[in-house]
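Topology and contacts: notes
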Amino acid sequence: MSSSVVPSIKKDFIYKLISEGKRIDGRAFDEYRSIKIETGLIRKAEGSAKVKIGNTQVLVGIKMDVGEPYPDSPDMGVLTTSAELIPLASPDFEAGPPGKEAIELARVVDRGIRESEIIQLDKLCIEPGEKVWIMFIDIHVLDQDGNLFDASLLASLAALYTSTVPAERFELGENFKLPLSKDPPISCTSVKLNNAIVIDPVLDEEEIADARLTVATDKKGDIRAMQKGLSGSFTIEEVKKIIKASIINGKKLREVLNKSIRG
Amino acid sequence: MGMKKPEDVILFKNNKRIDGRKPDELRPIKIEAGVLYRADGSAYVEWGGNKILAAVYGPREALPKHIQDPRKAIVNARYNMAAFSVEDRKRPGPDRRSIEISKVISEALERVILTEQFPRASIDVNIEVLDADAGTRCAGLTAAGVALADAGIPMRDIPVACAAGKVEGKVILDLCKEEDNYGDADMPVAIAPLTDEILLLQMDGHLTYEEFEKALDLAIKGCHIVSELQKKALLKKYERVLEVE
Amino acid sequence: MEEQPKIAIPSMVVGDAKRFRPGRGTFEKGGKIYSTRLGLINKQANFINIVPLSGVYDPIPGDTIIGIIEDISQTNWLVNINAPYPAVLHVNEVPWHVELGETSKYLKYADAILAKILLVDETKKIILTMKERGLHKLNGGQIIEIQPIKVPRVIGKKGTMISMIKKYTGCRIIVGQNGRIWIDGNTDGVEKATRAIRKIEAEAHTKGLTIRIEKLLKNRR
């Protein structure tokens, strides 16, 4: 399909639906799509997970290597997060080095994981100042139907929680489970459309959205990371409303995540 | 190929290979058609430890305009390995190896596609290696063949690939990782199964002419077995459209 | 009784060249007829054709299509018609008198039009016209896209299927040959018509489709 131009009629119709309290796929404004998480799919990876949110699919793989620490944190492991919006996933994604969208996606996921300190990087030190574990989170988008932020963070978390540090491969003793604390931040993304706020947008909604806000919350309901995107703006009330909805939906997503990593 | 074999690795003994297969036996293969929502056609292939997705977009206007061919569509295959698909993490993005593989696969696919029906267009075939375990180009081309048919691209034939090679002087089908690393020869072959025309042929290592003949014969036999699995996958997806719920 | 159609895939033998002639989506080799496409085998007169089950829209002169304006110049519009190529609509082929440089006053970026394919040349350059009766700019409503090859099923035999959808939903509906469908009415009606059309798309080749669609349309929700 070669249609990257969205007909005005389609946009007007989604607006009209919104003004009547409806969405293009029949969901309520605060209703999330169904989520499916599968872990341990990639044998070559230290950990992996595929997340499906509706028709959106993201695959994340974790790889580990041994290398030098950063000079300012000589006794900490190193974390790197990358995302690729490969042309397999959408007719609008182009081959080539990561663009702005891919870099924003990787950085938002990275911040959610790094700042919440769920990875105990101090336990990934092998020899202070000399040798530490280097960890790579690679986000591979497979099918783009909206809300890559939430899908990517969820897949990264599910992959991390099922990862094993490959110590034997580097002759560094026995393999061990990646040391993680128990309470990961869960992100929830909403967009503003015709002055209404809808959660977990599909691509049709994302394409015509004015503004986007991603809010990561923890188990207690505290806010752990945020990212506003697109050229529109939010009122203060809208931001508060989105945060509250993100806390409620975060709880539901957390249950789905916990179920998938228990096995 | 080319790696020094450790002393304790025995690649071939009592007519059995390191993973227990017979010389002319394929690894387990699973093929599924139409697995992605956005793509015009798609396929998923598991081949031994390989996990590969292929997606087709098009025919669509070839852009930028200067790459357009007024006589036919250009076939643009892109073979890419996920960073986590290999033992030592691969840096994302194309390297010389993946650019070469993309080129030979594009050329192989172009031969069977009726490109003259779509002048000035491009047919984009994206092959993503998610988990790599020797023979990714053959598995990738095989997945691409199914994805192209799924996308409704007119073709003379559904292209298919399989490798043959040699370990410890013995000609074998479909090399596994150890055989690929420590063996004597690896020869990926893609064919149009209707005519046995050769669409892709590469070889590295060392084969006598007699061994080559044997290996080619074996690879083509392998291609025909995989070809049946491709067809089954397509029929399985589309026979469903004739059923009443 | 209709015969259950059979699926063909590229390179499959679909007939004997002594009894049949190779039609659309086939080729002959060594006395046999082979398919080049994934589709249904269709025997018409002494021809074997393949009715595709997937693939892009192939523009044919005379087709009525729904296009979306994707670029504008002084003398013409470039129109996305859901084919591999954009089509050209020249200012001389519209029902209005357009002064030089006033093209965007009549049709803007992302506007939708009902147009006809006037010409397709060898290199697939496509020319549109809006100069016939009934061709116009589309205002309001909703546009959905289905696989172009499913269009005949949505229309139905002698337009029966589409008439039924219009009757039960109270919507105005225009089906473009390129798989774009314009639906106008209240949002409940548009949603119901969309659901019916999606169901036709998914079950296009099954038996008893009309009855199942009517059941869906009669249903209150």
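Residues numbered from 1 in each chain as written. Chains lettered and ligands numbered in written order. Predicted model: local features only at pLDDT ≥ 70, side-chain atom pairs only at ≥ 80, totals over all residues. Heavy atoms only, no water.

We now examine the overall build of chain C. Secondary structure assignment for chain C yields five helices and 16 strands. Taken over the C-alpha atoms alone, chain C extends approximately 60 × 50 × 25 Å along its principal axes. For chain C, buried positions account for 51% of its 221 residues. A fraction of 57% describes how many contacts in chain C between residues 6 or more apart in sequence connect residues 24 or more apart. Split by element, the accessible area of chain C, about 10,800 Å² in all, is 50% carbon and sulfur. Each charge class in chain C was averaged separately, 35 positive and 22 negative side chains, and the resulting centres sit 9 Å apart. (Helix = DSSP H or I, 4+ residues; strand = E, 2+ residues; numbered from the N terminus. Buried < 20%, exposed > 50% of the residue type's maximum accessible area, 1.4 Å probe, protein only. Contact = heavy atoms within 4.5 Å. Areas by Shrake-Rupley, 256 points an atom, 1.4 Å probe, with all protein chains shown as cover. Lys, Arg positive; Asp, Glu negative; His and termini not counted. Charge placed at Lys NZ, Arg CZ, Asp CG, Glu CD.)

A tally of helices and strands in chain B yields four helices and 12 strands. In terms of overall size, chain B behaves like a compact globule, its C-alpha atoms giving a radius of gyration of 18 Å where 245 residues would be expected to give roughly 18 Å. Considering only C-alpha atoms, chain B reaches an extent of 55 × 45 × 35 Å along its principal axes. Within chain B, the proportion of its 245 residues that are buried is 60%. Here the analysis covers contacts within chain B between residues at least 6 apart in sequence; of these, 69% occur between residues at least 24 apart. Accessible surface computed for chain B: about 10,200 Å², of which carbon and sulfur atoms make up 51%. (Rg over C-alpha atoms; globule rule 2.2 N^0.38 Å.)

Another point: the side chain of Gln68(B). Residue and element names in this part refer to chain B. The topology assignment puts Gln68 in the loop between strand E5 (50–61) and strand E6 (74–81). Of the polar contacts made by the side chain of Gln68, one reaches the backbone oxygen of Ala62; its length is 3.0 Å. Excluding anything up to four places from it in sequence, Gln68 contacts Glu61, Ala62 and Arg120. (Polar contact = N/O pair within 3.5 Å; in protein donor to acceptor, adjacent residues only side chain to side chain.)

Mapped onto the elements of the fold, Ser85(B) is located in the loop between E6 and helix H1 (96–112). Look at Ser85(B) and you get buried, because its relative accessible area is 0%. Here the side chain of Ser85(B) touches Ala82(B) through a polar contact of 2.7 Å, landing on its backbone oxygen. Apart from the residues within four sequence positions on either side, Ser85(B) is in contact with Lys44(A), Val129(B), Leu130(B), Asp131(B) and Ala132(B).

The next thing to look at is the interface of chain C and chain B. Listed as interface residues are 32 residues of chain C and, on the opposing side, 33 residues of chain B. With both chains or domains summed, chain C and chain B bury close to 2,600 Å², and 66% of this area falls on carbon and sulfur atoms. Scanning the region where chain C abuts chain B turns up zero salt bridges. Counting residues per element, the ones that place at least two in the side of chain C that touches chain B are strand E4 (26–29) and strand E5 (32–35) of chain C. (Buried area = accessible area lost by both parts, 1.4 Å probe. Salt bridge = Lys/Arg side-chain N within 4 Å of Asp/Glu carboxyl O.)

A ring pair, where both rings are aromatic, is described by two values, the distance of the centres and the angle of the planes. All chains considered together, the criterion is met by four aromatic pairs over all chains. Note on Trp133(A) and Phe170(A): the rings are 5.4 Å apart at their centroids and 85 degrees apart in plane angle, and the pair reads as edge-to-face. With Trp133(A) in strand E6 (residues 131–143) and Phe170(A) in the loop between strand E7 (164–165) and strand E8 (176–177), the pair connects residues that are 37 residues apart, well separated along the chain. What makes Phe170(A) partly exposed here is its relative accessible area of 25%. Ring geometry for Tyr209(B) against Phe212(B): centres 6.1 Å apart, planes inclined by 45 degrees, an arrangement best described as tilted. Of the two residues, Tyr209(B) and Phe212(B) are both situated in helix H4 (residues 209–239); the distance of three residues between them amounts to about one turn of the helix. (Phe/Tyr/Trp six-rings, centres within 6.5 Å; stacked < 30°, edge-to-face > 60°.)

Attention shifts here to the packing of helix H1 (residues 8–19) of chain A against helix H4 (residues 187–202) of chain C. One way to put it is that H1(A) packs onto H4(C) with a least axis distance of 11 Å and a crossing angle of 120 degrees. As far as their axial angle goes, H4(C) and H1(A) are oblique. Regarding H1(A) and H4(C), the two cross each other, and that crossing is left-handed. On the side of H1(A), the interface is formed by Phe13(A), Lys16(A) and Leu17(A), while H4(C) contributes Thr187(C), Val190(C) and Glu191(C). Looking at side-chain class alone, the contact of H1(A) with H4(C) contains three nonpolar, one polar and two charged residues. (Axes fitted to C-alpha atoms, helices over the stretch in contact; angles between N-to-C directions. Parallel < 35°, antiparallel > 145°, perpendicular 65-115°, else oblique. Left-handed = near helix turned anticlockwise from the far one by under 90°. Nonpolar A, V, L, I, M, F, W, Y, C, P; charged D, E, K, R; others polar.)

Residue and element names in this part refer to chain A. Bridge count for strand E11 (residues 211–217) against strand E12 (residues 223–229) is six bridges, and the pairing is antiparallel. Bridged to Arg212 within E12 is Gly229. Between E11 and the antiparallel strand that follows it, E12, lie five residues; Gly221 among them carries a positive phi value of about 95 degrees. (Pairing = 2+ DSSP bridges.)

Turning to the confidence of the model for chain C, a few remarks are in order. Overall, the prediction assigns chain C a mean pLDDT of 93, with 98% of residues at 70 or greater. The ipTM assigned to the predicted complex is 0.92, against a pTM of 0.95. (pLDDT = per-residue confidence, 0-100.)

Attention shifts here to the nonpolar core. The biggest cluster of nonpolar side chains holds 107 residues, and the ones touching the most others in it are Leu109(B), Ile81(C) and Leu128(C). A total of 11 residues in this core trace back to one element, the largest contributor, which is H4(B). Val51(A), Ala159(A), Leu178(A) and Ile186(A) belong to the second largest nonpolar core, which has 50 residues in total. (Core = buried A, V, L, I, M, F, W, Y, C linked by side-chain atoms within 4.5 Å.)

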